[in-house]
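Reading the structure
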Amino acid sequence: PQGATVQKFAELLAVGPNEVIKRLFMLGNVLTLTQSMNDELIELVADDMGRKVRVVSPEEEFTVVYHDSDDELKPRPPVVTVMGHVDHGKTSLLDAIRDTGVAAGEAGGITQHIGASVVTVGSRKITFIDTPGHEAFTAMRARGAQVTDIIVLVVAADDGVMPQTIEAINHARAANVPIVVAVNKIDKPGANADRVRQELTTYEVVPEEWGGANMFVEVSAKKRLHIDDLLETILLQADVLELRANPDALASGFVIEANLDKGRGPVATVLVQRGTLKPGDVLVAGTSYGRVRALIDPHGAHIDSAIPASPAEVLGLSSVPVAGDEFRVFEDERDARRLAEERALRERLTAQDAKTHTSLTDLFGRI
Ligand code: GTP
Ligand code: MG
């Protein structure tokens, strides 16, 4: 961080605060525990103590890739995205899945106030991202966001492989995410699940029973057939992936969707990927920043923490971030603010630059 209090500096270097105050004094600075040292002073004192420090900008801090040690990593639920061709039954399938949660009497099996829902299967959870919309998904991937762990590819058994089926397969490939195929509408008279299997082999999506790598489940969203099988299969696939995350860190993840709410102001639905998000945390997402005023789960309940793989609505941001923006919690509100403002300024300058350019071209055009 840029600048730090004497206390923070001592913490970071794991030395007694009195030691720091003494050094500062000898260098001609009288500072108390809670006063700030600027970057120059930080480097000077560190150097005086025979320590090498490098002050990084908030932007640099934002791009740090964390490497959690093995014992910091704890099992986490899978994040699943449902994709497929128009009208093949994605929404119906999600409805059926939520119903299953209710039918099984799970406390909090369901709901989607927001663009994500959490389904409970026995003692385990699955996070579904409901409305990835190919666009948001592409935006997230373009930013290198690995948002989803598993893609459930819905293919209607009476219609077979269609353009958006192939598009979804390409998405999964590019993101290196395993595909679980849900062959849907098997209740329909013209349904032919084997034809779907056959057609998909062309795109290297091959059922396990044919020696391939993909799990297939035949379902009917409408008749609620084999929905439990599908959930079990998703969990089996998740087991193979051994999904883990460090919950004991400052939270980071992605914005799934965001909008301006009349009464509540900017509202962002985020997916926590690492750490634990709590009310009071200060976060940056794109050019937006703020202190989390409230954290709301997919059921609309206020919560006091969101762990990895949890979706949550965040209230208290300065502006509306963009779906696909990475978010990160900062220890220091000033760093968060500075980073967001720097980014906003850069955006404005770029926009202005583009404008100046056009007007010059216009001008020369007229001459
Ligand atoms: P888009 O969001 O437009 O891409 O469609 P979708 O993939 O979400 O499909 P949706 O769930 O809206 O279903 C499309 C139509 O198929 C609806 O009329 C559903 O009732 C019907 N449908 C979905 N699943 C089944 C099924 O298992 N069996 C039958 N017979 N009809 C189904
Ligand atoms: Mg739909």
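Rules of the game
- Throughout this document, residue positions are counted from 1 along each chain, in the order its sequence is written.
- A letter from A marks each chain and a number from 1 marks each ligand, given out in the order of writing.
- Local features are withheld for residues below a pLDDT of 70 in this predicted model, meaning they are given only at 70 or higher, and side-chain atom pairs are given and counted only at 80 or more; totals for whole chains, interfaces and linings count all residues.
- Hydrogens and water molecules were not included; the side-chain quantities draw on all heavy atoms of the structure.
- Two strands form a pair only when DSSP identifies at least two bridges running between them.
- The numbering of helices and of strands both runs from the N terminus, where a helix is a DSSP run of H or I of at least 4 residues and a strand a run of E of at least 2.
- Helix axes are fitted to C-alpha atoms over the stretch in contact, other axes to C-alpha atoms as well, and angles between N-to-C directions run from 0 to 180 degrees.
- By the convention used here, residues are in contact when the closest approach between their heavy atoms is within 4.5 Å.
- The nonpolar core is taken to be a set of buried Ala, Val, Leu, Ile, Met, Phe, Trp, Tyr and Cys residues, with the residues joined through side-chain atoms within 4.5 Å.
- For each residue, the accessible area found with a 1.4 Å probe, counting protein chains only, is set against the maximum for its type, and the residue is called buried under 20%, exposed over 50%, and partly exposed in between.

Per an unreviewed UniProt entry, the chain goes by the name Translation initiation factor IF-2 and belongs to Berryella wangjianweii.

Turning our attention to the sheet that holds strand 16 (residues 326-330). To summarise the sheet geometry, strands pair through backbone hydrogen bonds and adopt either a parallel or an antiparallel arrangement. Read once around its circumference, the closed barrel built from 6 strands follows the order 11-12-15-14-13-16, with strand pairing classed as antiparallel. Neighbour to neighbour, the strand axes of the sheet diverge by 45° on average, direction disregarded. Pairing of strand 11 (residues 252-261) with strand 16, which is carried by 3 bridges, proceeds in the antiparallel orientation. Note on strand 16: the bridge partner recorded for S252 is R328.

Turning our attention to the sheet that holds strand 4 (residues 79-84). Spatially, the 6 strands line up as an open sheet ordered 5-6-4-7-8-9, and their pairing is mixed. Only two strands of the sheet have a single neighbouring strand rather than two, namely strand 5 (116-121) and strand 9 (215-218). Neighbour-to-neighbour, the strand axes of the sheet open up by a mean angle of 30°, direction not taken into account. In the sheet, strand 4 pairs with strand 6 (residues 124-129) via 3 bridges, with the strands oriented parallel. Within the sheet, the bridge partner assigned to V79 lies in strand 6 and is T127. Packing of helix 7 (residues 163-175) onto the sheet brings it into contact with strand 4, strand 7 (150-156) and strand 8 (179-184), and relative to strand 7 it is tilted by some 165°.

A separate point is the nonpolar core. Within the largest apolar cluster, 25 residues are counted, with the highest numbers of intra-cluster contacts made by L93, I97, I126, F128, V152, L230 and I234. If you list the elements that add at least two residues to this core, you get strand 4, helix 5 (90-103), strand 5, strand 6, strand 7, strand 8 and helix 9 (227-241). When residues in this core are grouped by element, the largest group, 6 residues, is from helix 9. If we skip the residues at most four places from it in the chain, I97 touches V119, F128, I227, L230 and L231. V161, A168, V205 and F216 belong to the second-largest nonpolar core, a separate cluster that totals 19 residues.

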